[in-house]
Each structure stands twice: as C-alpha cells, then as structure tokens.
Amino acid sequence: MPHKTAIGCKFGYTLHTAWLPSIGLRIANYYISVRQDYKDLVKQQPQELQQMFENEVYPHFA
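Scoring rules and cut-offs
Residues numbered from 1 in each chain as written. Predicted model: local features only at pLDDT ≥ 70, side-chain atom pairs only at ≥ 80, totals over all residues. Heavy atoms only, no water. Helix = DSSP H or I, 4+ residues; strand = E, 2+ residues; numbered from the N terminus. Buried < 20%, exposed > 50% of the residue type's maximum accessible area, 1.4 Å probe, protein only. Contact = heavy atoms within 4.5 Å. Areas by Shrake-Rupley, 256 points an atom, 1.4 Å probe, with all protein chains shown as cover. Core = buried A, V, L, I, M, F, W, Y, C linked by side-chain atoms within 4.5 Å. pLDDT = per-residue confidence, 0-100. Salt bridge = Lys/Arg side-chain N within 4 Å of Asp/Glu carboxyl O. Axes fitted to C-alpha atoms, helices over the stretch in contact; angles between N-to-C directions. Parallel < 35°, antiparallel > 145°, perpendicular 65-115°, else oblique. Left-handed = near helix turned anticlockwise from the far one by under 90°. Nonpolar A, V, L, I, M, F, W, Y, C, P; charged D, E, K, R; others polar.

A. Molecular detail of the overall build of the protein. Per the secondary structure count, the protein includes two helices and two strands. Counting from the amino terminus, the protein carries its helices and strands in the arrangement β-β-α-α. Buried residues in the protein amount to 13% of all 62 residues. Relative to all contacts within the protein whose residues are 6 or more apart in sequence, the contacts with residues 24 or more apart total 43%. About 5,700 Å² of surface is accessible on the protein, with carbon and sulfur atoms providing 57% of the total.

B. Quick peek at the nonpolar core. By size, the foremost hydrophobic cluster in this structure holds five residues: V34, V42, L49, F53 and Y58. Of all elements in the fold, only helix 1 (34-42) and helix 2 (47-57) reach the threshold of two or more residues within this core.

C. Highlighting the confidence of the model for the protein. Across the protein, the average pLDDT comes to 79, with 71% of residues at 70 or higher. Mean pLDDT in the protein bottoms out at strand 1 (residues 3-4), which sits at 52, and peaks at helix 2, which reaches 92.

D. Examining the pattern of salt bridges more closely. Throughout the structure, instances matching the rule amount to two salt bridges. A salt bridge links E54 to R35; its shortest N-O distance comes to 2.8 Å. Within this pair, whereas E54 is found in helix 2, its partner R35 is found in helix 1, the two being separated by 19 residues in sequence.

E. Fine view of the environment of A62. Relative to the assigned elements, A62 resides in the segment after helix 2. Taking C-alpha positions, A62 is 8.5 Å from V34, a pair spaced 28 residues apart along the chain.

F. Main features of the packing of helix 1 against helix 2. Remark: helix 1 packs on helix 2, axes separated minimally by 11 Å, with the N-to-C direction vectors making an angle of 165°. Classed by the angle they form, the pair helix 1 and helix 2 counts as roughly antiparallel. Note on packing geometry: the crossing formed by helix 1 with helix 2 is right-handed. Facing V34, R35, Y38 and V42 of helix 1, the residues of helix 2 in contact are Q50, F53, E54 and V57. Within the contact of helix 1 with helix 2, the residues separate by chemical class into five nonpolar, one polar and two charged.

Quick look at the structure:
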C-alpha cells in the first residue's frame, strides 16, 4: 500500500530482500539505474520532491 508523505506524494514501499531464500553476493549481470527506474514516477511529483531526489537520492547511486 502506498504511503503518503508530508509533501503529498505517494510511493509504494517494498522489502525486496524478504523474497530472497538466503543472503549472498549479487550475481545478476544487469544493472538498472535508480534515476532511470524512478524518473517517470518522480516527474509526476511536486517540484520539492523532484529536487529532493536530485539532491539526496540520486547522488548515492551514481
């Protein structure tokens, strides 16, 4: 279920690691950038949230 934040956007949260039978090194041979994955969702959000992604989220995944 999406969580509504204080600035009015809605994001669904998931716990992907809950689906893993065990923890180990990543062995996948593909990569999807966080910016590419979230760009369509983020551009539908208020400017304040878009700026937060630019300043606080994307730099951690560059």
